[in-house]
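Observations on the three-dimensional arrangement
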Amino acid sequence: MLSIQKHLFYLIMPLLIGGLATKTVQPEKKEHPTKLERSQRSVRVMTYNIRFDNPGDGVHAWPHRKERVAGLIRVYDAEIVGVQEALQHQLVELTALLPGYEWVGVGRNADGGGEYSALLYKAEAYELVSSDTFWLSEQPSEAGSQSWDAALPRIVTWARFRQLNTGAQFLVMNTHFDHMGEEARAKSAQLIVEQASRLSEGLPLILMGDLNTTDGDRPYEILSKATLKDGRRLLDGFYGSEQEHYGPQSTWTGFTELVPNRRIDYIWASDDLVIKQHAILGDRNETGYPSDHLPVMADVALKSQE
């Protein structure tokens with residue numbers, strides 16, 4: 001008996017020693033559960049400024065991080081994602097890494113090129129009913145137009161979706177406000193309220209995007225105090241979710257370090273919807289964050305319309 005035990009000891013010990021000597025590979029840090037219980041009558045939405053493909057970003061350039069951006073969307077099971085700063089080839093590459101997702105939108109330039117504020121969605125769960133883009137300017141229907149003190153053309157891409165398992169329909173608007181023009185940001189907020197009143201036609205509304213503004217600034221005040229023509233208000237998910245906000249309280253990182261007091265990315269919902277939970281996702285690895293913004297995610301309850 002002792003000889004058998006001794007024999008087993010000599011067989012097992014090298015395996016144990018080898019295992020201890022092996023370097024442990026740490027996965028990217030997760031600051032939010034990947035699988036969250038949610039009703040079949042809810043939609044998980046995400047807004048994410050993915051940073052345009054700029055070769056000057058070096059180690060943070062798009063080819064080095066596109067799999068991480070796609071992986072984050074996939075692991076958190078976001079069903080509708082509003083992206084900002086995306087170039088067309090980035091959208092093509094991103095959806096290639098996310099089988100089952102489709103996207104809609106146009107570039108902000110007059111010729112349809114440039115940065116998109118596109119909407120990605122799970123085609124197996126949502127039907128695209130209609131979609132279009134308007135410009136944040138005094139000529140919203142004029143492609144490439146810009147007004148006020150805006151440095152660049154800015155857009156809103158919107159889509160009406162139908163949730164296939166419930167029949168619930170709702171409107172999603174995705175935008176990216178100007179980074180320079182203070183007046184442009186305030187006027188953009190006003191224009192969005194006007195357009196939301198027109199486009200929603202009584203449907204529940206989800207508004208998201210990079211607003212380049214904090215909750216102490218004029219554009220935020222306009223959105224938070226606005227009343228749509230049918231009397232509905234907009235709720236900021238950070239404050240308006242049933243469960244307390246989870247994660248960081250800022251969304252700007254510059255790839256490497258979270259900058260305090262810079263929550264500039266938002267998910268809003270009309271007050272006929274219930275925001276079940278809201279999170280800012282701080283996933284990163286040793287290189288940094290997958291983008292120079294953190295994504296914002298929310299679960300929003302829908303009502304069946306069948």
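Residues numbered from 1 in each chain as written. Predicted model: local features only at pLDDT ≥ 70, side-chain atom pairs only at ≥ 80, totals over all residues. Heavy atoms only, no water.

1. Quick notes on the overall build of the chain
Each helix and strand in the chain was counted, giving six helices and 12 strands. The burial tally for the chain puts 52% of its 306 residues in the buried class. When contacts within the chain are restricted to residue pairs at least 6 apart in sequence, those whose partners lie at least 24 apart make up 74%. (Helix = DSSP H or I, 4+ residues; strand = E, 2+ residues; numbered from the N terminus. Buried < 20%, exposed > 50% of the residue type's maximum accessible area, 1.4 Å probe, protein only. Contact = heavy atoms within 4.5 Å.)

2. Focus: the packing of helix 2 (residues 62-75) against helix 3 (residues 88-96)
The interhelical angle for the contact between helix 2 and helix 3, taken along N-to-C directions, is 50°, at an axis separation of 9 Å. Judged on the interaxial angle alone, helix 3 and helix 2 are oblique. Crossing of helix 2 over helix 3 shows right-handed handedness. Seen from helix 2, the contacting residues are Trp 62, Lys 66, Val 69, Ala 70 and Ile 73; seen from helix 3, they are Gln 90, Glu 93 and Leu 94. The residue inventory of the contact of helix 2 with helix 3, partitioned by class, reads five nonpolar, one polar and two charged. (Axes fitted to C-alpha atoms, helices over the stretch in contact; angles between N-to-C directions. Parallel < 35°, antiparallel > 145°, perpendicular 65-115°, else oblique. Left-handed = near helix turned anticlockwise from the far one by under 90°. Nonpolar A, V, L, I, M, F, W, Y, C, P; charged D, E, K, R; others polar.)

3. What to know about the pattern of salt bridges
Think of it this way: side chains of opposite charge can pair up when their charged atoms draw near. The final tally for this structure, using the stated rule, is 15 salt bridges. Between Arg 51 and Asp 57 there is a salt bridge, and its shortest N-O distance comes to 2.9 Å. Relative accessible area serves as the criterion here: at 15%, Asp 57 is assigned to the buried category. The shortest N-O distance in the salt bridge between Lys 66 and Glu 93 comes to 3.4 Å. Note that Lys 66 is positioned in helix 2 and Glu 93 in helix 3, a separation of 27 residues in sequence. Overall, the relative accessible area of 25% leaves Glu 93 in the partly exposed class. A single network of salt bridges, built from pairs that share partners, joins Asp 215, Asp 236 and Arg 263. (Salt bridge = Lys/Arg side-chain N within 4 Å of Asp/Glu carboxyl O.)

4. So, the pairing of strand 1 (residues 42-49)
Across the eight residues of strand 1, eight count as buried, placing the element largely inside the fold. Side-chain alternation along strand 1 places Ser 42, Arg 44, Met 46 and Tyr 48 on one buried face and Val 43, Val 45, Thr 47 and Asn 49 on a second face that is also buried. Of the strand pairs in this sheet, strand 1 and strand 12 (residues 296-301) are connected by six bridges, and their pairing is antiparallel. Paired with Met 46 across the two strands is Met 297, which belongs to strand 12. Judged from the five bridges that link them, strand 1 and strand 2 (residues 80-84) form a sheet pairing that is parallel. Residue pairing across strands places Met 46 opposite Val 81, the latter belonging to strand 2. (Pairing = 2+ DSSP bridges.)

5. So, the environment of Leu 223
Along the polypeptide, Leu 223 turns up in helix 5 (residues 218-225). Leu 223 sits in the buried class, given a relative accessible area of 0%. Separated by 33 residues in sequence, Leu 223 and Gln 190 have C-alpha atoms that sit 7.5 Å apart. Look past the residues within four positions of Leu 223 in its chain and what remains in contact with it is Ala 189, Ile 192, Val 193, Leu 207, Leu 211, Leu 234 and Trp 268.

6. A few points about helix 3
Those residues of helix 3 that fall on the buried side of the exposure criterion are Gln 90, Leu 91, Leu 94 and Thr 95. Across the axial projection of helix 3, the buried residues extend over an arc of 125°, all falling on one side. Of the surrounding elements, those touching the buried residues of helix 3 are helix 2, strand 2, strand 3 (101-104) and strand 4 (119-122). (Arc of directions from axis to C-beta.)

7. Focus: the pairing of strand 8 (residues 205-210)
The buried fraction of strand 8 amounts to six of the six residues, a majority that puts the element mostly inside the structure. Burial along strand 8 is two-sided: the residues Leu 205, Leu 207 and Gly 209 and Ile 206, Met 208 and Asp 210 are all buried. In this sheet, strand 8 lies alongside strand 7 (residues 169-176) in parallel orientation, the contact comprising six bridges. Bridging across to strand 8, Asn 174 finds its partner in Met 208.

8. Some points on the sheet that holds strand 11 (residues 274-280)
Pairing between the strands of a sheet comes from backbone hydrogen bonds, and it takes one of two forms, parallel or antiparallel. In spatial order, the strands read 3-4-2-1-12-11; together these six strands make up an open sheet with mixed pairing. If you trace the sheet from one side to the other, it starts and ends with strand 3 and strand 11, each paired once. Ignoring which end each strand starts from, the neighbouring axes of this sheet average 20° apart. This element, helix 3, spans strand 2, strand 3 and strand 4 of the sheet and lies at about 160° to strand 3.

9. Overview of the side chain of Thr 47
On the secondary structure map, Thr 47 appears in strand 1. One polar contact links Thr 47 to Gln 84, side chain to side chain, over a distance of 3.0 Å. A distance of 3.4 Å separates a polar side-chain atom of Thr 47 from the backbone nitrogen of Gly 209. (Polar contact = N/O pair within 3.5 Å; in protein donor to acceptor, adjacent residues only side chain to side chain.)

10. A look at the confidence of the model for the chain
With 86% of its residues at a pLDDT of 70 or more, the chain has an overall mean of 90. For residues 1-38, every residue scores under 50 in pLDDT, and the model assigns this stretch 29 contacts once sequence neighbours within four places are set aside. (pLDDT = per-residue confidence, 0-100.)

11. Looking at the sheet that holds strand 6 (residues 155-163)
Read from one edge to the other, the open sheet built from six strands follows the order 5-6-7-8-10-9, with strand pairing classed as mixed. In this open sheet, the two edge strands, each paired with only one partner strand, are strand 5 (126-135) and strand 9 (234-236). The average undirected angle you get between the axes of adjacent strands in this sheet is 20°. In the packing of helix 4 (residues 182-200) onto the sheet, the strands contacted are strand 5, strand 6, strand 7 and strand 8, and the crossing angle to strand 7 comes to about 155°. Contacts between helix 5 and the sheet are confined to strand 8, strand 9 and strand 10 (265-270), with strand 10 contributing the most and set at about 15° to the helix.

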